[in-house]
Every structure is written in C-alpha cells, then in structure tokens.
Amino acid sequence: KYRQEIREFYGTRLLKDADHTKLESHVYKLALETISVEKLEPKIIDWLKKAKIELPHGVFFANLIKKAVLNTQNYLFEYITKSLNPTIHSYIDEILLGTNDSTGETSLTFLKQDSGKSNRDSISVEIQKLHVIHGMNIGSFVIPLDISPNILKFYRRKIASDTPEQIRSRSKEIRYPLVIIFAYLKKQEIIDNLADHVINFIHKIKKQAEKVESALN
C-alpha cells in the first residue's frame, strides 16, 4: 500500500513487459558501443529514471547486461564468420597458428611483437607483419560498421593474452572471429607504425645530413 502511494506521489511505476522489451533493445544498442558493466549500468538507470520506472532489485541489471553482451558477441562473431571461407580458415590454423619448424614460434606470435625503434630493421619487420596479414586475404568489410572500436579492442586483448595452444583449443566459432579481429586491428596499428618509422627515419637522415654539411663548412 505504502509503496503504491509513494509511486503515485513521485509519478513512478513498476517495469512492465512492454518496458522490458524496449529496455532490452536500448541496452543492446548501448552494448554495441561498450560492454563495460561500469559504463552500461548507469546508462540503464538513467533510461529507467527518464521513463519514471522504479529501479528493479536483485540480479536484474546483471542479467540484462549479460544478455546484451552475449547478443553483441553473437552478432559480431556471426557477421565475421559469414565473411570467411575455408581458405581463410586453413590460413589461420596452418600459417598463423601453426608452429614454424625453424623458429619454433607461430606467425601469430610474430605479429604480437611490439614495434622496435625507428630503423631499417624495424621497418622491414613491420612490412613482414603486413605481408602475413595480407596473406589472410580478408576484405575491409569483415567487421560490422556499427561495432565500436572499444568492443574490438576488448576481444583483441583476449588473443593478445592467450598462448597459441589456448587459441587453438577454442571452438572454430570463437577462434576464427577472435583472430580476424586481432589481425584487423593489428593491420591498422602496423600501418601507423610504418608511417611513424618512416617519418622518424627521414628525420634522422636529415639530421645526419645537416651534421655532415656543418662539418664540411
């Protein structure tokens, strides 16, 4: 009785089935931008307050966010999977995740290495990495445009922290999309690194030339 009177006083109401459907759709759109619980929960609370709906108790928020995050992952992974073919699958399993007999490492481990100082060797290594990724022959539209880079970075970290054995042990529905996300972002990073290396390398050559010219004069 008192709760109902309080609701009437503040003009609030309980969450209805129709509200829940709208809220799920809203949270799913939010989850395309971020899957951080700390960021999603305040936005959900804000939506409920604007709709003048009493905040639910218990595990409501946790279940709602968990479902949205899972739906986002399914959407992303299924989208990527549809863009792949058996040739790309084989390249991932045999080239990226297969152990090189001479080095004992995988090509994916090679791709994970940080870019070194700006010199000829670093530029050469970054170009080699780019060749490895180009060998996958994935298109520019392999990632859905409505997925935030923050989401992609979250899944990239899973690959970055996993060993080749852990990645190989994942199901193909998870393994292939994760590797594609890693390669997609790594390619962008390599191009940025190459641009920085070339600029720094040219700057060094220019400084050396200025020193030589100064010494001659």
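What comes next is a walk through the structure. (Residues numbered from 1 in each chain as written. Predicted model: local features only at pLDDT ≥ 70, side-chain atom pairs only at ≥ 80, totals over all residues. Heavy atoms only, no water.)

Let's talk about the environment of Gly98
Relative to the helices and strands, Gly98 is located in the loop between α5 (86-96) and α6 (107-112). Looking at Gly98, the relative accessible area reads 19%, which means it is buried. As for Gly98 and Thr34, which are separated by 64 residues in sequence, their C-alpha atoms are 33 Å apart. Setting aside residues up to four positions removed in sequence, Gly98 forms contacts with Asp93, Glu105, Thr106, Ser107 and Arg168. (Helix = DSSP H or I, 4+ residues; strand = E, 2+ residues; numbered from the N terminus. Buried < 20%, exposed > 50% of the residue type's maximum accessible area, 1.4 Å probe, protein only. Contact = heavy atoms within 4.5 Å.)

Considering the layout of surface pockets
Its boundaries defined by the atoms lining it, the largest pocket holds a volume of some 180 Å³. What lines the largest pocket is Ile133, His134, Asn137, Ile138, Gly139, Ser140, Tyr184, Lys187 and Gln188. Broken down by secondary-structure element, the contributors of at least two residues to the lining of the largest pocket are α7 (120-134) and α10 (172-216). It is α10 that contributes the most residues to the lining of the largest pocket, three residues altogether. Across the lining of the largest pocket, the residue classes break down as three nonpolar, five polar and one charged. (1 Å grid on protein atoms, 1.4 Å probe; cavity = no way out; pocket = protein on both sides within 12 Å on 5 of 7 lines; lining within 4 Å. Points joined across faces, edges and corners; volume = space filled by probe spheres on them. Nonpolar A, V, L, I, M, F, W, Y, C, P; charged D, E, K, R; others polar.)

With respect to the packing of helix α4 (residues 60-83) against helix α8 (residues 149-161)
Two elements in contact, α4 and α8, have axes whose closest approach is 12 Å; the angle formed by their N-to-C orientations is 80°. By the angle between their directions, the pair α4 and α8 is classed as roughly perpendicular. Residue-level contacts link Gln73, Leu76 and Phe77 of α4 to Ile151, Leu152 and Tyr155 of α8. Looking at side-chain class alone, the contact of α4 with α8 contains five nonpolar, one polar and no charged residues. (Axes fitted to C-alpha atoms, helices over the stretch in contact; angles between N-to-C directions. Parallel < 35°, antiparallel > 145°, perpendicular 65-115°, else oblique.)

A few points about the environment of Lys204
Positionally, Lys204 belongs in helix α10. When its relative accessible area of 41% is taken as the criterion, Lys204 is described as partly exposed. In this structure, the C-alpha to C-alpha distance between Lys204 and Asn119, residues 85 residues apart in sequence, is 9.3 Å.

Focus: the pattern of salt bridges
Under the defined criterion, the tally for this structure stands at eight salt bridges. Between Lys67 and Glu24 there is a salt bridge, with its nearest N and O atoms 3.0 Å apart. Remark: Glu24 occurs in helix α2 (residues 17-31) and Lys67 occurs in helix α4; sequence separation between them is 43 residues. Residue Glu24 is classed as partly exposed on the basis of its relative accessible area, which comes to 26%. Notably, a salt bridge pairs Glu189 with Arg156, separated by 2.7 Å at the nearest N-O pair. In this pair, Glu189 sits in helix α10 while Arg156 sits in helix α8, placing the two residues 33 residues apart along the sequence. On the basis of relative accessible area, Arg156 is assigned to the buried category, the value being 18%. (Salt bridge = Lys/Arg side-chain N within 4 Å of Asp/Glu carboxyl O.)

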